[in-house]
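Residues per chain are reported as follows:
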Amino acid sequence: MSKLNEIKNVRHSRIKERLAFYLLCVFSILTIIVLALIVSDILVKGLPHISFNFLLEEPRKMGKAGGIFSVIVSTFYIVVLSVVFAAPIGIAASVYLTEYAKEGPVLRIIRYGIEALAGVPSIIYGLFGYSFFVVFLGLKYSILSGALTLTLMILPTIVRTSEEAIKAVPSSYREGSLALGATKLQTIRKIVIPTAMPGILTGLILGIGRVVGESAAVIYTAGSSLGVPDSILRPGRTLSVHLFTLASEGLSAENTYATAVVLITLVLIINFIANTLINKIFIARRR
């Protein structure tokens with residue numbers, strides 16, 4: 001009887017496993033279909049209006065005519081500044097949390113705070129950036145104000161992903177390095193961080209994706225001014241803000257979809273470059 005029960009349990013387990021597998025396949029296919037429908041709709045309506053003139057001309061009539069050159073430049077400034085500010089702070093914080101901080105209530109509170117910050121709506125970051133950077137520090141509406149606000153917004157993502165990547169480094173790597181006479185700092189700098197770099201880059205990719213697609217926090221800090229900013233202390237309009245403005249005010253359906261195509265293409269290019277770098281790092285380390 002016991003053997004029969006075991007056989008029945010194995011069969012039930014296999015049936016449940018197959019059912020779960022088929023459900024996962026169905027949900028995955030549905031997700032891909034929805035994504036394909038959204039992207040294809042944007043591409044079909046936006047690609048016919050993409051041209052070199054559209055990419056290299058300045059917007060005219062508040063975006064109703066002309067191109068998006070200054071919008072692309074402002075987006076580039078904000079993305080680069082946000083990553084430059086957030087990457088060293090986020091990586092340093094993750095190194096401290098994993099390599100130096102001792103387990104206890106204080107560390108649990110810090111991690112809880114980081115997770116809570118990751119769930120704060122972007123509009124809250126925008127209002128904080130406006131009151132602190134724009135008004136209190138006197139930076140006014142500027143690329144710098146927007147970049148600092150977005151830095152605070154993507155820091156929790158970078159810290160958490162970097163922390164998990166560093167945790168995944170085998171402890172034998174650290175022990176071997178210390179046994180050879182390296183200091184803890186040398187071990188972290190030459191062994192731990194290079195090994196965890198693919199995971200760290202993944203966090204940076206997620207942060208860049210959020211920066212590129214963010215509009216609520218940017219519009220309250222970087223402003224919505226057209227024209228190429230001649231300084232990071234000048235206001236500017238990013239692609240997401242430009243897209244929001246065109247769509248909400250109904251200025252130009254053609255330029256709206258064309259801007260959406262550029263935004264999607266930019267995100268895909270960033271992901272492709274980052275994945276290529278990650279793969280090269282893996283290959284280099286395996287060799």
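Below, the structure is looked at part by part. Predicted, not measured: the structure shown is a model, and the values here were computed from it.

Attention shifts here to the pattern of salt bridges. For the structure shown, the criterion picks out eight salt bridges. Of the charged contacts in the structure, one is a salt bridge between Lys45 and Asp41, with a shortest N-O distance of 3.4 Å. Highlighted residues: Lys45 and Asp41, both in helix α1 (residues 2-46), separated by four residues, approximately one helical turn. In this structure, the salt-bridge partner of Glu115 is Arg160, at a minimum N-O distance of 3.4 Å. In this pair, Glu115 is assigned in helix α4 (residues 105-118) and Arg160 in helix α6 (residues 143-167), connecting sequence segments 45 residues apart.

This part is about the packing of aromatic side chains. Following the criterion strictly, the structure yields seven aromatic pairs and no others. Judged by centre distance (5.1 Å) and plane angle (75 degrees), the ring pair of Phe132 and Phe133 falls under edge-to-face. Residue Phe132 is classed as partly exposed on the basis of its relative accessible area of 31%. For Phe133, a relative accessible area of 8% corresponds to the buried category. Among the aromatic residues, those joined into a cluster by ring pairs are Phe128, Phe132, Phe133 and Phe136. Its guanidinium or amino end placed over the ring of Tyr100, Lys184 lies 4.8 Å from that ring's centre, counting from NZ or CZ.

Our focus in this paragraph is the nonpolar core. Membership of the largest hydrophobic core comes to 33 residues, with the highest contact counts inside it found for Ile68, Ile78, Leu150, Val211, Val218 and Leu239. Put simply, the parts of the chain that give this core at least two residues each are α3 (69-100), α6, α8 (184-213), α9 (216-219), α10 (239-249) and α11 (253-286). Filtering out sequence-adjacent residues up to four positions away, Leu150 remains in contact with Ile78, Ser82, Val211, Glu214, Ala217 and Val218. Listed in part, the ten residues of the second largest apolar core include Ile91, Val95, Ile193 and Ile200.

Definitions and limits used
- Residues numbered from 1 in each chain as written.
- Predicted model: local features only at pLDDT ≥ 70, side-chain atom pairs only at ≥ 80, totals over all residues.
- Heavy atoms only, no water.
- Salt bridge = Lys/Arg side-chain N within 4 Å of Asp/Glu carboxyl O.
- Helix = DSSP H or I, 4+ residues; strand = E, 2+ residues; numbered from the N terminus.
- Phe/Tyr/Trp six-rings, centres within 6.5 Å; stacked < 30°, edge-to-face > 60°.
- Buried < 20%, exposed > 50% of the residue type's maximum accessible area, 1.4 Å probe, protein only.
- Lys NZ or Arg CZ within 6 Å of the ring centre and 35° of its normal.
- Core = buried A, V, L, I, M, F, W, Y, C linked by side-chain atoms within 4.5 Å.
- Contact = heavy atoms within 4.5 Å.

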